[in-house]
Amino acid sequence: MKKIFLIIFVFVISIVLYGFFINTNSFKIVSKNINIESIEDPFDGFKILQLSDFLIKSKKDLDRIEQISLKVNDLKPDIIVFNGDLLYKKNSLSNDDINKLIGILKNMDCTLYKYAVIGDNDDINEYGEIMNKADFKILDNESSYIFYKDVKPIKITGLSNLDNISKAINMDDNLDTTLNVVITHYPDYFETLKNEDIDIVFAGHSLNGQVVLPFYGGIIKNSEAKKYVYGSYEENNSKLFISGGIGTHKINFRLFNKPEINLYKLKKQ
């Protein structure tokens with residue numbers, strides 16, 4: 001009898017561990033406030049939804065992306081940013097699957113705009129076609145303004161690399177802005193960006209280290225995600241927020257690191 005109870009106990013614990021710590025088929029929502037002194041009053045409460053690293057490998061991954069899309073719409077963000085790595089390089093998607101993915105991404109709704117940057121797994125031609133058809137604007141070393149309620153806009157810059165930051169950030173009309181935001185795939189770019197006139201950086205790529213040890217953080221460190229791997233950082237009055245993303249690389253495995261989408265609310269201090 002004791003042996004039977006032991007087997008049942010081990011079985012239950014295994015299910016719990018799989019469901020909460022190892023399972024990569026579900027996702028969680030990570031919500032944070034970003035406290036900013038300088039923002040215009042209408043941007044107080046402004047919602048930014050961050051997605052990253054879908055790394056879609058096969059048709060079966062699309063069902064989860066569809067569930068994410070539904071949750072995004074429930075959250076009613078003002079803008080959506082995607083930090084790259086939409087498809088895994090060695091994926092098995094058919095043309096029909098790609099068309100379904102475009103429809104899913106297109107159905108993601110927000111009050112204003114949807115932006116994206118290029119990741120290391122993204123084929124620029126295929127990625128560009130998918131994201132453009134899904135109403136995402138790819139910012140490839142360029143900037144744009146987010147105009148809202150007739151106040152000073154937010155400037156948002158997408159960086160694919162660090163070749164010429166000044167050119168990417170520069171805007172010809174040089175409007176006064178309430179906030180300067182950068183989206184990039186690579187979190188270690190923050191080492192350079194923290195020295196620029198940038199308030200917030202959103203990045204992906206690290207997958208939070210894929211394997212996370214409690215009280216330590218992520219342990220698998222990719223190129224351009226070696227120093228900044230997990231969570232958020234603040235240096236030189238610049239803030240970095242890293243999304244752990246949704247997918248995985250070669251091995252479909254995460255430990256203490258549930259896939260995530262990230263919702264940020266701007267709060268005026």
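Rules and cut-offs
Residues numbered from 1 in each chain as written. Predicted model: local features only at pLDDT ≥ 70, side-chain atom pairs only at ≥ 80, totals over all residues. Heavy atoms only, no water. Buried < 20%, exposed > 50% of the residue type's maximum accessible area, 1.4 Å probe, protein only. Helix = DSSP H or I, 4+ residues; strand = E, 2+ residues; numbered from the N terminus. Contact = heavy atoms within 4.5 Å. Expected span 1.5 Å × (residues − 1). Arc of directions from axis to C-beta. Pairing = 2+ DSSP bridges. pLDDT = per-residue confidence, 0-100. Core = buried A, V, L, I, M, F, W, Y, C linked by side-chain atoms within 4.5 Å. Axes fitted to C-alpha atoms, helices over the stretch in contact; angles between N-to-C directions. Salt bridge = Lys/Arg side-chain N within 4 Å of Asp/Glu carboxyl O. Polar contact = N/O pair within 3.5 Å; in protein donor to acceptor, adjacent residues only side chain to side chain.

Peer 1: What should I look at first to understand helix α4 (residues 124–133) in this one?
Peer 2: Count 3.6 residues to each turn of an α-helix, and residues three or four apart come out pointing the same way. By the burial criterion, the buried members of α4 are Tyr127, Gly128, Ile130 and Met131. Those residues of α4 hidden inside the fold are in contact with β3 (79–82), α3 (95–106), β4 (114–116) and β5 (137–138). Where α4 ends, the next residue or the one after it, Asp135, has phi of about 70 degrees, a positive value.

Peer 1: Honestly, α3 in this entry has me stumped. Any pointers?
Peer 2: An ideal rise of 1.5 Å per residue puts 16 Å on 12 residues; α3 measures up with 16 Å between its terminal C-alpha atoms. Every buried residue of α3 is accounted for by Asp97, Ile98, Leu101, Ile102, Ile104 and Leu105. Taken down its axis, α3 places every buried residue within 165 degrees of arc, on the same side. Of the residues in α3, the exposed ones pointing more than 90 degrees away from the buried face are Asn95 and Asp96. Tucked inside the fold, the buried residues of α3 contact α2 (61–75), β4 and α4.

Peer 1: What should I look at first to understand the sheet that holds strand β14 (residues 260–268) in this one?
Peer 2: By definition, the strands of a sheet pair up through backbone hydrogen bonds, in either a parallel or an antiparallel sense. If you trace the six strands from one edge of the open sheet to the other, you get β1-β14-β2-β3-β4-β5, paired in mixed fashion. Since the sheet does not close on itself, it has two edges, and those belong to β1 (28–36) and β5, each with one partner. Where strand β2 (residues 47–51) and β3 come together, four bridges link them in parallel fashion. Bridging from a neighbouring strand, Leu51 pairs with Phe82 of β3.

Peer 1: What should I look at first to understand the confidence of the model for the protein in this one?
Peer 2: Atom-level detail of predicted coordinates should not be read off regions where pLDDT is low. Mean pLDDT over the protein stands at 91; residues scoring 70 or higher make up 91%. Low pLDDT (under 50) marks residues 5–21, which in the prediction has eight contacts with non-local residues, meaning those over four places away or in another chain.

Peer 1: Just to check I follow, could you spell out the nonpolar core for this structure?
Peer 2: Soluble globular proteins: nonpolar side chains tend toward being buried together. Leu51, Phe54, Leu86, Leu105 and Met131 are the most contacted members of the largest nonpolar core, which has 33 residues in total. The set of elements that each furnish at least two residues to this core consists of β2, α2, β3, α3, α4 and β14. With residues up to four places along the chain from it excluded, the contact list for Phe54 reads Ile65, Phe82, Asp85, Leu86, Leu105, Met108, Ile246 and Gly247. Formed by 24 residues, the second largest nonpolar core is a distinct cluster that contains Phe43, Leu179, Ile183 and Ile200.

Peer 1: Which parts of the structure should I look at to understand the sheet that holds strand β7 (residues 154–159)?
Peer 2: Taken together, the six strands give an open sheet; going across it, the order is β6-β7-β8-β9-β13-β12, and neighbouring strands pair in mixed fashion. Every other strand in the sheet has two partners, leaving β6 (142–146) and β12 (232–235) as the edge strands with one partner each. Across the sheet, the mean angle from the axis of one strand to that of its neighbour is 20 degrees, orientation sign disregarded. Bridge analysis of β6 against β7 gives five bridges, and the strand direction is antiparallel. Looking at the pairing, Ser143 lines up with Thr157 of β7.

Peer 1: Any chance you could explain the side chain of Ser58 here in plain terms?
Peer 2: Within the secondary structure layout, Ser58 lies in the loop between β2 and α2. Aside from chain neighbours lying at most four places away, what touches Ser58 is Ser92 and Leu93.

Peer 1: In this structure, what is going on with unusual backbone geometry? I would like to understand it.
Peer 2: Glycine aside, negative phi is the norm for most residues, and most peptide bonds take the trans geometry. Backbone geometry at Asp53 places phi at a positive 50 degrees, although glycine is not the residue there. Along the chain, Asp53 falls in the loop between β2 and α2. Unlike most non-glycine residues, Leu55 shows phi in positive territory, near 45 degrees. As for its position among the elements, Leu55 is in the loop between β2 and α2.

Peer 1: Explanation requested: the pattern of salt bridges in the structure shown.
Peer 2: It is possible for side chains of opposite charge to pair when their charged atoms get near one another. All told, the structure shown has 11 salt bridges when counted by the stated rule. Between Lys194 and Glu191 there is a salt bridge, and its shortest N-O distance comes to 3.3 Å. Its relative accessible area of 34% is what places Glu191 among the partly exposed residues. Linked by salt bridges that have partners in common, Glu191, Lys194, Lys227 and Glu235 make up one network.

Peer 1: Help me out: how do you make sense of the environment of Asp140 in this one?
Peer 2: Locating Asp140 in the fold gives a position in the loop between β5 and β6. Distance in space between the C-alpha atoms of Asp140 and Ser160 is 5.7 Å, their sequence separation being 20 residues. Residues within four places of Asp140 in sequence aside, it is in contact with Ile118, Gly158 and Ser160. A distance of 2.6 Å separates a polar atom in the side chain of Asp140 from a polar atom in the side chain of Ser160.

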